[in-house]
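# Geometric and topological summary
Listed below are the residues making up each chain.
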Amino acid sequence: EAGVAQSPRYKIIEKRQSVAFWCNPISGHATLYWYQQILGQGPKLLIQFQNNGVVDDSQLPKDRFSAERLKGVDSTLKIQPAKLEDSAVYLCASSYDETQYFGPGTRLLVL
Amino acid sequence: AQSVSQHNHHVILSEAASLELGCNYSYGGTVNLFWYVQYPGQHLQLLLKYFSGDPLVKGIKGFEAEFIKSKFSFNLRKPSVQWSDTAEYFCAVNAGYSGNTPLVFGKGTRLSVIA
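Quick notes on the rules
- Residues numbered from 1 in each chain as written.
- Chains lettered and ligands numbered in written order.
- Predicted model: local features only at pLDDT ≥ 70, side-chain atom pairs only at ≥ 80, totals over all residues.
- Heavy atoms only, no water.
- Helix = DSSP H or I, 4+ residues; strand = E, 2+ residues; numbered from the N terminus.
- Rg over C-alpha atoms; globule rule 2.2 N^0.38 Å.
- Buried < 20%, exposed > 50% of the residue type's maximum accessible area, 1.4 Å probe, protein only.
- Contact = heavy atoms within 4.5 Å.
- Areas by Shrake-Rupley, 256 points an atom, 1.4 Å probe, with all protein chains shown as cover.
- Lys, Arg positive; Asp, Glu negative; His and termini not counted.
- Charge placed at Lys NZ, Arg CZ, Asp CG, Glu CD.
- Core = buried A, V, L, I, M, F, W, Y, C linked by side-chain atoms within 4.5 Å.
- Pairing = 2+ DSSP bridges.
- Axes fitted to C-alpha atoms, helices over the stretch in contact; angles between N-to-C directions.
- Buried area = accessible area lost by both parts, 1.4 Å probe.
- Salt bridge = Lys/Arg side-chain N within 4 Å of Asp/Glu carboxyl O.
- Polar contact = N/O pair within 3.5 Å; in protein donor to acceptor, adjacent residues only side chain to side chain.
- Nonpolar A, V, L, I, M, F, W, Y, C, P; charged D, E, K, R; others polar.

Here the focus is the overall build of chain A. Helix and strand content of chain A: 0 helices and 11 strands. Secondary structure of chain A in N-to-C order comes out as β-β-β-β-β-β-β-β-β-β-β. Since a compact globule built from 111 residues should have a radius of gyration of about 13 Å, the 13 Å found for chain A is in line with a globular shape. Residues counted as buried form 44% of the 111 residues belonging to chain A. Taking the intrachain contacts of chain A between residues at least 6 apart in sequence as the baseline, contacts between residues at least 24 apart amount to 51%. Here chain A displays about 5600 Å² of accessible surface, and carbon together with sulfur accounts for 50% of that area. Separation of charge centres in chain A, based on 12 positive and 11 negative side chains, amounts to 8 Å.

Here it is in structure tokens:
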């Protein structure tokens, strides 16, 4: 069974630029999550989708972050404009029950 | 709000030593409990999980964890560690009442196993 796919794996941008991350969940997983993992911390939820609807985006900084899952399968997370403090690993996870499976993450460095 | 505390930031053990990593959570309701592991250069992988039933759960690679409800704890154990267990370990919890809910993670414990 293929796992959660994410791209790109690494991205370096300058502050105030925009960036987008892509995630393709495990086939059949209706729930998709985006987490942000800052160095030295555990992952923290940014947004949760159930199919193509948002379940929880209470911790998403909506002035600069946006996410969509238009067809209920793959998802895109965007940051515009990026700040230095956005440097982190962005993890995508998917699930069909209580167990979440994680992708390899996208490591973002904002200079 | 849920929170998870992992007591040890960095643990260094010799091969064959026993391991216990502490995890305490704060939540008033029913919870699901997880331990994830992240080996160097790899993604987060599930070690074990507890939903209900026997509070002693066994996971992959010889790991086990015990849920002690009265102490709000879910400590991870392994009787004899190997060099290949060097990794970062994360305890996580989500609400157990219904459906798919987000995970709340601890800050992680880095385990270094030396020969």
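Core analysis: the biggest nonpolar cluster contains 28 residues, and Leu33, Trp35, Leu47, Leu48, Phe74, Leu76 and Tyr89 of chain B have the highest contact counts within it. Among the nonpolar cores identified, the runner-up in size contains 21 residues, and Leu46, Ile47, Leu60 and Ala88 of chain A belong to it.

Residue and element names in this part refer to chain A. Taken in spatial order, the 4 strands of this open sheet run S1-S3-S8-S7, and their pairing is antiparallel. Strands at the two margins of the open sheet, each flanked by one partner only, are strand S1 (5-7) and strand S7 (65-68). Between one strand axis and the next, the sheet turns through 15° on average, direction left out of account. With 3 bridges connecting them, S1 and strand S3 (residues 19-24) associate as antiparallel partners. Bridged to glutamine 6 within S3 is cysteine 23.

Each partner contributes residues to the interface: chain A has 22 residues there, and chain B has 19 residues. Regarding the contact of chain A and chain B, the summed buried area is about 1600 Å², with carbon and sulfur atoms giving 52% of it. By the criterion of area lost to chain B, the three top residues of chain A are Glu98, Thr99 and Phe102 of chain A, representing 35% of everything that side buries. In this structure, the connection of chain A to chain B is made through 0 salt bridges. One can count 4 residue pairs in polar contact (both at pLDDT 80 or more) joining chain A with chain B. Among the elements that line the side of chain A that touches chain B, the one with the most residues is strand S4 (residues 31-37) of chain A, at 4 residues. Classifying every residue of the side of chain A that touches chain B gives 8 nonpolar, 11 polar and 3 charged.

Read these as layout, nothing more, since geometry by itself doesn't imply function.
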